[in-house]
There are 2 protein chains.
Amino acid sequence: MSQAKTRKRKRRPDPTPTKQPIEPGLVGGQYKPLYEQDILKIHNASLDVLEQVGIEVMPSECRDIFETAGAIIDKSRNRVFIPRAMVEDALGTARNEVVLYGRDDPRHDMYLSGAKVYMGTGGAAVKVLDLETQAVRETVLDDIAKIGRMCDALDNIHFYLRPCVARDLTNEQLDINTFYAAVTNTTKHVTGNCFTVESFRDVFDMCAMIAGGAESLKAKPFISVTSCWTVSPLRYATETVEVMTDIVRHEIPVFLSSAPQAGATSPAALAGSLVQINAEELSGLVYTQLLKPGAPVIMGYVPSVADLRTGNFIGGAAEFALMNAAICQLGQFYNIPVYNSSGLSDSKLPDIQAGYEKGITGLAVALAGANYVHHSAGFLESLLTIAYEQYVIDNDINGSIMRAVRGIEVNDETLSVDVIREVCFGEGHYLGTEQSLGLMHSEYFYPPATDRRNREDWEIDGALDMRERARIIARDLMKTHQPKRIDPAVDAAIRQKFDIVLDPKLAGLA
Amino acid sequence: MSQAKTRKRKRRPDPTPTKQPIEPGLVGGQYKPLYEQDILKIHNASLDVLEQVGIEVMPSECRDIFETAGAIIDKSRNRVFIPRAMVEDALGTARNEVVLYGRDDPRHDMYLSGAKVYMGTGGAAVKVLDLETQAVRETVLDDIAKIGRMCDALDNIHFYLRPCVARDLTNEQLDINTFYAAVTNTTKHVTGNCFTVESFRDVFDMCAMIAGGAESLKAKPFISVTSCWTVSPLRYATETVEVMTDIVRHEIPVFLSSAPQAGATSPAALAGSLVQINAEELSGLVYTQLLKPGAPVIMGYVPSVADLRTGNFIGGAAEFALMNAAICQLGQFYNIPVYNSSGLSDSKLPDIQAGYEKGITGLAVALAGANYVHHSAGFLESLLTIAYEQYVIDNDINGSIMRAVRGIEVNDETLSVDVIREVCFGEGHYLGTEQSLGLMHSEYFYPPATDRRNREDWEIDGALDMRERARIIARDLMKTHQPKRIDPAVDAAIRQKFDIVLDPKLAGLA
């Protein structure tokens, strides 16, 4: 090789495959709302609460398990007092990483641990802004299928927690059909709720059929269940605990979801709300580890806020963001993955209020290193309403947030002293330099529904606001995106065994 | 005092004066986008650039000053190479705190230092969305007066950097009338631009008349000037440097504003852009400290982004937020106050895109501890358009961000173990407890233009989105808010001495 050629190669290296500007699971933790010593104070106060205030547990298998393990029971007040040593034992056996798998699609496997960040949908809306009429209406099963299909195509929605309640179904149809509609429309990890032991077992059996057996499902669970097993402050919901117990015994990952509202069901002092929710979460960790040491459990902190003027739940507040960011530090302190909330808005429609509330709450928790940020796609009106176009919009918001999480790489190459010298002693401009061209698609994230053109070009295209642009994209995705279908033979067997009411056309089988 | 009474006092202490949930100058720094070692790497690379690449300075007094002080001059290429020792000397004499004063109103004094956060307007838009027609039109002098009056009333806009260009004025009328319209409509600190030495001296003289003399103005400057003295990469703008030199000699605080666009006028690698802008800022610090050691100078880092697909300036990007947050760490490393940018949006109207871009970029820089965040009120369409209602909206956004900056106080009282015990052993609910009532207006921020009601109540009031609500508030503020007027005798003298074209009705004299 000639010397000239060598020099040329040095100056113009072969382009390496372009790295994506963002990806699921980037590492946060650059934002620390709490001082180290404050984390310890909250931890110790939570242990005091568990020892001295305890939790209310009615007579049940759960209470027997606590008693057998050495907790002190006050039967007259139905309170269980948990000694520190039991908490320490649970922290010793709990998993430091919980893997949530995609459905036969390793691109969507999520490794929940440390400060890795994943963002996705949240659950249990009862109203939706109809994509065509823009009017509010009740949510139905078809919405779960259609939104699932849309989310399957949106890169910055990393998992699919069933977004709404299928209000057209009976209680008996609800859980199995909700999971069916979700898992047939996306290969992303699906999280849902199960209201009874029986319905959970049906869901487990159905997913085992898709996975090729119960052991395959346990080895690589593409579903998980969120369990609202507490009634804050510090009370267990007996029937929900029974369902949660069964889930843990089936080795399906479970989120210990607790969502006290500061000022209503937890103290108005933000620090006090953190103490209470941390006590609730630690008690759940103790219980699940007593049930099955090493069970795949995710701490489900959702410290929320009540508007003290009205008592309303509010999700778009800075105080909400602060607490949900702070609990990431608790999770990192315990080295146990956490589930939390952000991306909510108290606006009734996708307007500038929704945008700023989502931007602020989402960025705060992601920079704090939240492992599984639910509610971060689709939501409006606190927790009541979803909108199709909002998923498209939140895909952009989450992407921008993930770009911030990635941060700034500082090394000899990126410091660019040679590039600066070359440009300043040469053409005086960086556009068109090798570095600029090379970094165009790896250093910069271009949110697809966001308009960065000048006013003239934007006006030529109809001067649409982001909501209108997102509605067009949402319609298009539902028409054109085809998720990976489940095996038709398995589907037929599922339909034979269970009362599946979803139109096959909406189950990826069209 | 009876024992019963004593006990009652203990349980129900006299309410202490309610602390505000937020205030200007709260301390950020909880978010650190750069590792400590990366700050050092950027610092050292910047010094290498100053020594090896230098800055382009045409023959001028400025270049002579550099030469006299020991910089190495390459006259054939008009480059000034600055040795490390000169930078270290400048860092030694520069002020660690710069105080920007309100106009005879100490509530608005700003103590720029460390990680204290102040957020306000930004400058030089050429278009405005008319409040009544919602159509875009050219900006005029009246807009500077009216928006100033509005910002005077909006608590979370901490300073008033003249927002737009009075396109109805001649160049000769521009600077004096712009400052006049701003300072007569708000007692908040005013920042502006001066295009010539002569126009700066007029502005200085006018403000000295208001302050009661030049020495009073220098002692408590209620105005400051932003100077765009560089043309990136690493070039000085000769005429602007002359104006800046005069400002420094008059002891008026000056912002060394540099806004290279990554990929166009600075490297596409974010770290490289930080190196270049840091070199530019350090060179400016050196120059101003050579002019007048201890001169009140604020580093004016505005690392920006070019959309590499179009070359357009974009202000709402995550990469923009990341770099503007990172420079706060540089300022804290040097212990010199910084000016930077956030709250921009590339949207053409106040829609959900504008909301999320403002939320993300604003929160990032505020949590990083930006001292003087300009552009964080009013802006749309990158840097081209402002909107009256946007100031009202950004007042809410900034308030939410400041609440996040305040963080979570953790102490024995806020940990609330006693409150938790009392509630769990008692009524089981925190609403109406002494703590909740006491913290209602000190722990929680209620953004006034943000709607947190339920859908039914919102619909009864007309189902207005935030933009519409903000338009109503903006109209109302301009009608009802009366800023503190300047002394009518001084005003008459000013109007006699200078070519003031603003209608007296718009100068707080109606």
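Residues numbered from 1 in each chain as written. Chains lettered and ligands numbered in written order. Predicted model: local features only at pLDDT ≥ 70, side-chain atom pairs only at ≥ 80, totals over all residues.

So, on to the overall build of chain A. When helices and strands are tallied, chain A shows 19 helices and 19 strands. Principal-axis analysis of the C-alpha atoms gives chain A an extent of 85 × 55 × 55 Å. In chain A, which comprises 510 residues, the proportion classed as buried is 61%. Restricting to contacts in chain A with at least 6 residues of sequence separation, those with at least 24 account for 76%. (Helix = DSSP H or I, 4+ residues; strand = E, 2+ residues; numbered from the N terminus. Buried ≥ 20, exposed ≤ 12 C-beta atoms within 10 Å, placed from the backbone. Contact = placed C-beta atoms within 7 Å.)

On to the environment of A:I314, then. Note on placement: A:I314 falls in strand β15 (residues 313-314). When the C-alpha positions of A:I314 and A:C62 are compared, they lie 32 Å apart, and in sequence the two are 252 residues distant. Apart from the residues lying within four places of it in its own chain, the contact partners of A:I314 are A:V305, A:D307, A:F320, A:D346, A:S382 and B:R452.

A few words on the relation of the copies chain B and chain A. These two copies of the chain differ by a rotation about an axis and a displacement along the same axis. For these two chains of identical sequence, chain B goes onto chain A by a turn of 180° and a shift of 0.0 Å along the axis, with RMSD 0.0 Å. This pairing of chains is accounted for by a two-fold axis. A shared interface surface links the copies, since 100% of the contact residues of chain B are contact residues in chain A too. (Least-squares fit on C-alpha atoms with pLDDT ≥ 70 in both.)

Moving on, we come to the confidence of the model for chain A. Residues and elements named next belong to chain A. Of the residues in chain A, 96% have a pLDDT of 70 or more, and the chain-wide mean is 95. Here residues 1-17 scores under 50 on pLDDT; set against residues more than four positions off or in separate chains, the count is three contacts. Interface scoring of the predicted complex returns ipTM 0.96; its pTM is 0.96. (pLDDT = per-residue confidence, 0-100.)

All names here are of chain A. Among the five residues of strand β13 (residues 297-301), five are classified as buried, and the element is accordingly described as predominantly covered. Side chains V297, M299 and Y301 of β13 all project onto a buried face; the interleaved residues I298 and G300 project onto the opposite face, where all are buried too. With five bridges joining them, strand β11 (residues 254-258) and β13 adopt parallel strand pairing. Paired with S258 across the strands is Y301, a residue of β13. (Pairing = 2+ DSSP bridges.)

Attention shifts here to the sheet that holds strand β3 (residues 79-81) of chain A. All names here are of chain A. Across the sheet, three strands lie side by side as β1-β3-β2; this open sheet has antiparallel pairing. The strands lining the two open edges of the sheet, one partner per strand, are β1 (55-56) and β2 (72-74). Where β1 lies against β3, two bridges are found, and the strand directions are antiparallel. Counterpart to I55 in the pairing with β3 is V80.

If you look at the biggest cluster of nonpolar residues, it comprises 342 residues, and the most contacted ones within it are A:A364, A:A366, B:A364 and B:A366. Split by domain, the residues of this core number at least three in each of domain 1 (36-92) and domain 2 (96-406) of chain A. Ignoring any residue separated from it by four or fewer positions in sequence, one finds A:A366 in contact with A:G28, A:V117, A:M119, A:V373, A:I401, A:M402 and A:V405. (Core = buried A, V, L, I, M, F, W, Y, C linked by C-beta atoms within 7 Å. Domains from an automatic or database assignment.)

Residue and element names in this part refer to chain B. Running from N to C, helix α13 (residues 388-406) and helix α18 (residues 466-480) cross one another at 105°; their axes reach a closest spacing of 8 Å. Between α13 and α18, the interaxial angle falls into the category roughly perpendicular. Residues Y388, E389, Y391, V392 and I393 of α13 pack against M466, R467, A470, R471, I473 and A474 of α18. Residue classes in the contact of α13 with α18 are distributed as eight nonpolar, no polar and three charged. (Axes fitted to C-alpha atoms, helices over the stretch in contact; angles between N-to-C directions. Parallel < 35°, antiparallel > 145°, perpendicular 65-115°, else oblique. Nonpolar A, V, L, I, M, F, W, Y, C, P; charged D, E, K, R; others polar.)

Moving on, we come to the sheet that holds strand β1 (residues 55-56) of chain B. Here three strands make up an open sheet; going across it, the order is β1-β3-β2 (chain B) and the pairing antiparallel. Looking at strand neighbours, the two that pair on one side only are β1 and β2 (72-74) of chain B, the edges of this open sheet.

The subject of this paragraph is helix α15 (residues 417-424) of chain B. Every buried residue belonging to α15(B) is among B:V417, B:V419, B:I420, B:V423 and B:C424, and all of these are buried. One side of α15(B) holds all its buried residues, which, seen down the axis, span an arc of 160°. Contacts made by the buried residues of α15(B) are with α2 (36-52) and α10 (270-291) of chain A together with α14 (412-415) and α16 (434-439) of chain B. (Arc of directions from axis to C-beta.)

The next subject is the environment of B:N278. For B:N278, the location among the structural elements is in helix α10 (residues 270-291). Taking C-alpha positions, B:N278 is 19 Å from B:A295, a pair spaced 17 residues apart along the chain.

Moving on, we get to the domain arrangement of chain A. Residue and element names in this part refer to chain A. In terms of domains, chain A is made up of domain 1 (36-92) and domain 2 (96-406). Just the C-alpha atoms count here: the centres of domain 1 and domain 2 sit 25 Å apart. Taken residue by residue, the interface counts 23 residues in domain 1 and 24 residues in domain 2. Counting residues per element, the ones that place at least two in the side of domain 1 that touches domain 2 are α2, β1, α3 (61-69) and α4 (84-93). Top element by residues in the side of domain 1 that touches domain 2 is α2. It accounts for seven residues. Partitioned by chemical class, the residues of the side of domain 1 that touches domain 2 number 18 nonpolar, three polar and two charged.

What follows deals with unusual backbone geometry. What is expected of a backbone is that most residues other than glycine have negative phi and most peptide bonds are trans. All names here are of chain A. Looking along the chain, the bond that leaves S232 and enters P233 is cis, with omega of 0°. Along the chain, the position of P233 falls in the loop between β10 (223-227) and α9 (238-249). Non-glycine residue H375 carries a positive phi angle of around 75°. Exposure remark for H375: the 30 C-beta atoms within 10 Å place this residue in the buried category. Unusually for a residue other than glycine, S416 sits at a positive phi of about 65°. Residue S416 is classed as buried on the basis of its 27 C-beta neighbours within 10 Å.

Looking now at α9(A). Over its 12 residues, α9(A) extends 17 Å from the first C-alpha to the last, a length consistent with the 16 Å expected when each residue adds 1.5 Å. Among the structural elements, α3, α7 (197-211), β10, β11 and α10 of chain A are those in contact with the buried residues of α9(A). (Expected span 1.5 Å × (residues − 1).)

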